[in-house]
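The primary structure of each chain is shown beneath.
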Amino acid sequence: MKKFKARLNSTFNSINTKIAIVFMLMLLATIEVIGAYFTRQLEQNSIESFQSSIQIQTIVSNQLANQLTSDNKNTNDRLNQIVNDYNNDAISEIIVVDNKDTIRAVSNLNDKSKIGQRINNTDVKQVISTGHQVNKVVDDHGNYMIQISPLTSGNGSNNTVGAIYVKASMQDVFNNLRQISLTFLIASLIAALLGAFLSLVISRAITQPIEEMQKQALHIADGDYSSQVKIYSNDELGQLAKAFNTLSVRIERSQEESDSERRRLDSVLSHMSDGVLATDRHGNVSVVNHMALNFLNKKEDEVINKPIAEVLGLKDTSSQDLISSQKEIVVTLDPGTRDEIILHASFSLIKRVTGFVSGSVCVLHDVTEQQKNEDSQRQFVSNVSHELRTPLTSLQAYIEALNEGAWKDPEIAPKFLEVTQQETSRMIRMINDLLSLSRMDRGVSKMDLEFVNLNDFVNHILNRFDMIVKTDKNKEKKKYTIKRELGSQALWVEIDTDKMMQVIDNIMNNAIKYSPDGGVITVRMTQNQDHVILSISDQGLGIPRKDLGKIFDRFYRVDKARSRAQGGTGLGLAIAKEIVEAHHGRIWADSNEGKGSTFYISLPYEPMTEEDDWDEV
Ligand code: ADP
């Protein structure tokens, strides 16, 4: 039912139906106006011609007037005779009245009794008194024409001697008129229907191309440009259809262009190493690229339509302020489950030609590494200054004391001089360490690689350490024992012997430095398929777990005072790490606090095959 109603509604709303209805109504109105005029005219003409058809002939009226003025006794008979002679089928009643209003003759035999009676009809009396004819149509159980004509004697028209009353039925006339009207009505209805049909055909011819264009417009709105509007003619509608087809092709082309532009932009956005966020003019995010989501560690639906300040975790700033200020800010993202990310965010406004701000673009650049480098550089400079200032301050103090007279004191002076010498050589060591680190940082430290049997190489270094303990008679010097678990297999590795010796020396020296007197230092060598691992364990005070990862950082010392007192620079392990990594190896430490530490050096190793042995020979 609803469907039917909707269909009916759309039918009545269509231009097609409207044109047909308007055309039909106009046609009907025209026909009706013409018809009304025509029937009116026809009716008038019919009445006039009927009127003249019943007009009493002059000869008869003269005869009647003569009889009325005659003195004959049988005048009435004569009058009736004339009336009856004159009577015909069209006339239903004739009455002759003299100028005294007395009925003198009648045509109806049934009304004979009325003869001699006075007539009661005012029209007749008026005609007798005025001498003017009266014509009127009356409805007396049917339509009749009544014509009352004066009868005048020959001496002039003013001499009215009576009147003749003629009543004639107009039934036929009216029947005719009705028939004509009916025919006219049917004809006009047929004409109206024909007109409606024709107007439907014509309006269909007009509206069909329009309907097709409407359908095409809907297809275009849905993104389908494949169909074309049919061109029926070369008139205005045909031209419009042609223009429409051209328009559709142009829209398709520009749509394709904007699609490919968008795809290109999408691909640029998604392959950018920077994060991009676009917002509307209220600061709510409308576009986000893959990299930005990566930085923010969020899913797209957690970002889209959210205020940009909230997305960037800026609680104290409103999104509006953020985008309108167009400032460049550094955002440190809440690390959550992963490492901290520092982003540089720059904002720019998107403006239309009119100057209206329609949104903004925020570009996020990952500056974590840069920031960390800057931080560590700052830290490094501050550390270097601090590390150099401490020995210099004590040097200054000792030199001042000597200058102020202590040099004369034979007991104090040598001690002071020894301390200044120690501090100076520590400073020189530190500067040398810094220089070799700087060389490695700049990549100018060349590697002088050679194949050596690591077992022989380590044994050679350890022999030196054993020799130091044996030959050093200084009772105050710390004693230690080196335990070797190296195995007898030759392990050929490619190393820069000077640098690798520096690494092992540093770890051995630390092991001795941080071990108790008489401690055992175990040096072990193990190997697997592609690595050889050298480990050096001591029984010293160990390293707290929290510091294990940091001891390879420059200037990091677990106990600063103790390290300095031992003449340490805090750079040894940092240099060791750089050297081992330059050999594509790895260095790390493990420790049991209070019980000792173990340092591991892992180096890439390729076991020698028999063929290699043969080559050697
Ligand atoms: P340092 O010149 O101070 O020894 P290193 O870079 O060689 O500098 O060592 C860094 C820090 O690591 C030391 O200050 C010390 O706190 C710790 N450390 C190194 N080796 C050992 C070890 N065998 N036992 C305990 N602590 C150690």
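Attention in this report is confined to the structure presented alongside it. Just so you know, these numbers come straight off a predicted model, no measurement behind them.

1. So, the site of the ligand
Then, in step 1: Around the ligand, 22 residues are found, and the nearest of them are D538, R557, S563, T569 and L573.
Then, in step 2: Here K513 contributes a side-chain N or O atom positioned 3.0 Å from an oxygen atom of the ligand.
Then, in step 3: At 3.5 Å from a nitrogen atom of the ligand is found a side-chain nitrogen or oxygen belonging to S597.
Then, in step 4: Taking 530 Å² as the accessible area of the ligand by itself, protein coverage stands at 97%.
Then, in step 5: Taken together, the elements giving at least two residues each to the shell around the ligand come down to helix 14 (497-513), helix 16 (572-582) and strand 17 (596-604).
Then, in step 6: Here the residues of the shell around the ligand sort into nine nonpolar, nine polar and four charged.

2. Let's talk about the nonpolar core
Then, in step 1: Within the largest apolar cluster, 49 residues are counted, with the highest numbers of intra-cluster contacts made by L454, V458, I504, M508, V523 and I601.
Then, in step 2: For I601, the residues in contact, after removing those within four places along its chain, are V503, I504, I507, V532, I533, L534, V580, R586 and I587.
Then, in step 3: Counting residues in each nonpolar core, the second largest holds 26 residues, with L64, I94, V166 and A168 among its members.

3. Topic: the packing of helix 14 against helix 16
Two quantities define a packed helix pair, namely the angle between the helix axes and the distance between the axes.
Then, in step 1: The contact between helix 14 and helix 16 brings their axes to 9 Å, and the two run at 145°. Like other packed secondary-structure pairs, helix 14 and helix 16 cross with a definite hand, here left-handed. Taking contact as the criterion, the partners of K499, M500, Q502, V503, N506, I507 and N510 in helix 14 are, on helix 16, G572, L573, I575, A576, I579 and V580.
Then, in step 2: Split into classes, the residues belonging to the contact of helix 14 with helix 16 amount to eight nonpolar, four polar and one charged.

4. Focus on the pairing of strand 3 (residues 134-139)
Then, in step 1: Bridge count between strand 3 and strand 4 (residues 143-152): six bridges; the pairing is antiparallel. Along strand 4, the bridge assignment pairs V134 with I148.
Then, in step 2: Here strand 3 hands over to strand 4 after three residues, with H141 in that stretch at a positive phi of 50°.

5. A few points about helix 6 (residues 171-221)
Then, in step 1: Helix length check: helix 6 (51 residues) gives 70 Å between terminal C-alpha atoms against 75 Å at 1.5 Å per residue, within 8%.
Then, in step 2: Of all the bends in helix 6, the largest measures some 30° and sits at T207, one to four residues before the proline P209.

Cut-offs and rules
- Residues numbered from 1 in each chain as written.
- Predicted model: local features only at pLDDT ≥ 70, side-chain atom pairs only at ≥ 80, totals over all residues.
- Heavy atoms only, no water.
- Near = heavy atom within 4 Å.
- Polar contact = N/O pair within 3.5 Å; in protein donor to acceptor, adjacent residues only side chain to side chain.
- Areas by Shrake-Rupley, 256 points an atom, 1.4 Å probe, with all protein chains shown as cover.
- Helix = DSSP H or I, 4+ residues; strand = E, 2+ residues; numbered from the N terminus.
- Nonpolar A, V, L, I, M, F, W, Y, C, P; charged D, E, K, R; others polar.
- Core = buried A, V, L, I, M, F, W, Y, C linked by side-chain atoms within 4.5 Å.
- Buried < 20%, exposed > 50% of the residue type's maximum accessible area, 1.4 Å probe, protein only.
- Contact = heavy atoms within 4.5 Å.
- Axes fitted to C-alpha atoms, helices over the stretch in contact; angles between N-to-C directions.
- Left-handed = near helix turned anticlockwise from the far one by under 90°.
- Pairing = 2+ DSSP bridges.
- Expected span 1.5 Å × (residues − 1).
- Bend = angle between axes of the 7 residues up to and from the residue.

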